[in-house]
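The residues making up each chain are set out below.
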Amino acid sequence: MENKDILDEQSSTDTTQPDNLTTETPTEEEAVTINGGEPADEPVAEAAAPVEAEATETAEPTGSATDAAYREVAELKDKYLRLYADFENFRRRTAKEKLELIGQANEGLLQSLIPVVDDFERAMLSMEKTEDVAALKEGVSLIYTKLFKTLEGKGLKPMVAKGELFNADLHESITQFPAPSDDLKGKVIDEVEKGYYLNDKVIRFAKVIVGS
């Protein structure tokens, strides 16, 4: 009987040992051994490292693009400032030349008219000393011809209006008068003041009387 009780106790002890082995938690050393001799945390750190490297590689092109954009903006701003300065210089130079041109525009004409003024002065002196009317008329006629040729050389041209159809772009009607004949109705029958062109541009309208 005693031997049987001893065997029963040994058998119960043997059956409980596997339960104790299954419930025990592995120690840190055992965990290291189970994972192949390497700490469990190290693979996680290695997996995160490529992400950081990738983020760094992505940030570098962005910085380069920004620097390139800043350089391009600086170059464009410099070009704009230079162009603006050139334009201001051109505007001031043009304005100065325009003022000089306006001030000296009549210089050539006045130089051409000075000899005519000299002729008039000589004619006035002759009027005081001579009584020959025919000579005075001839002298005045010569001076007039010289004056007209001078002005004609500068582009002045008289307008022919008498007998022409009335044109508001060329003529200024002072009054209307009954036409002597039917073919003169609506036409210029008399010219009170002659009109003039300057290089085919009307500088003075002819003052006329129109037939009605």
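For the structure itself, look to the data block above.
Described below are features of the structure shown in this document.

**What to know about a nonpolar patch on the surface**
On the surface, Y80, L81 and Y84 cluster together to form a nonpolar patch covering roughly 350 Å² of accessible area. Position of L81 among the secondary structure elements: in helix α3 (residues 42–104).

**As for the sheet that holds strand β1 (residues 156–158)**
Strands belonging to one sheet form pairs held by backbone hydrogen bonds; the direction of such a pair is parallel or antiparallel. One open sheet holds the three strands; their spatial order is β1-β4-β5, and the pairing between them is antiparallel. Every interior strand has two partners, whereas the edge strands, β1 and β5 (201–204), have only one. On average, adjacent strands in this sheet sit at an angle of 40 degrees to one another, irrespective of strand direction. As judged from the three bridges shared by strand β4 (residues 196–198) and β5, these two strands associate in the antiparallel manner. Counted as the bridge partner of L198 is K201 from β5.

**Digging into helix α5 (residues 133–153)**
With 21 residues, α5 extends 30 Å from end C-alpha to end C-alpha; this agrees with the ideal 30 Å at 1.5 Å per step. Two or three places before A134, at the start of α5, stands the capping residue D132, its side-chain oxygen 3.3 Å from that residue's backbone nitrogen. Phi for G155, located one or two positions after α5, is positive at around 105 degrees.

**Re helix α4 (residues 107–129)**
For α4, which comprises 23 residues, the first-to-last C-alpha distance of 34 Å matches the rise-based estimate of 33 Å (1.5 Å per residue) to within 8%. The largest bend in α4 amounts to roughly 30 degrees and is located at I114, with the proline P115 lying one to four residues further along. Taken residue by residue, α4 has V116, D119 and A123 as its buried positions. The inward-facing, buried residues of α4 contact α5.

**Let's talk about the pattern of salt bridges**
One pass over the full model with this rule turns up eight salt bridges. Between D119 and K146 there is a salt bridge, with its nearest N and O atoms 3.0 Å apart. Separated by 27 residues along the polypeptide, D119 in helix α4 and K146 in helix α5 bring together distant segments of the chain. Exposure remark for D119: the relative accessible area of 15% places this residue in the buried category. Look at K146 and you get partly exposed, because its relative accessible area is 35%. Among the salt bridges present, the one from E193 reaches K207, with a minimum N-O distance of 3.9 Å. Here K207 lies in strand β6 (residues 206–211) and E193 lies in strand β3 (residues 188–193), a separation of 14 residues in the sequence. Relative accessible area serves as the criterion here: at 29%, K207 is assigned to the partly exposed category. Taken together, the salt bridges that share partners define one network made up of D119, R122 and K146.

**So, unusual backbone geometry**
Notably, N199 is not glycine yet its phi reads approximately 55 degrees, a positive angle. In this structure, N199 sits in the loop between β4 and β5. Given the relative accessible area of 59%, N199 is considered exposed. At D200, a position not held by glycine, the phi torsion is positive, near 70 degrees. Along the polypeptide, D200 turns up in the loop between β4 and β5. For D200, a relative accessible area of 61% corresponds to the exposed category.

Cut-offs used in this document
Residues numbered from 1 in each chain as written. Predicted model: local features only at pLDDT ≥ 70, side-chain atom pairs only at ≥ 80, totals over all residues. Heavy atoms only, no water. Patch = residues over 30% accessible without salt bridge, like charges linked within 9 Å, V, L, I, M, F, W, Y side chains within 5 Å. Areas by Shrake-Rupley, 256 points an atom, 1.4 Å probe, with all protein chains shown as cover. Salt bridge = Lys/Arg side-chain N within 4 Å of Asp/Glu carboxyl O. Helix = DSSP H or I, 4+ residues; strand = E, 2+ residues; numbered from the N terminus. Pairing = 2+ DSSP bridges. Axes fitted to C-alpha atoms, helices over the stretch in contact; angles between N-to-C directions. Expected span 1.5 Å × (residues − 1). Polar contact = N/O pair within 3.5 Å; in protein donor to acceptor, adjacent residues only side chain to side chain. Bend = angle between axes of the 7 residues up to and from the residue. Buried < 20%, exposed > 50% of the residue type's maximum accessible area, 1.4 Å probe, protein only. Contact = heavy atoms within 4.5 Å.

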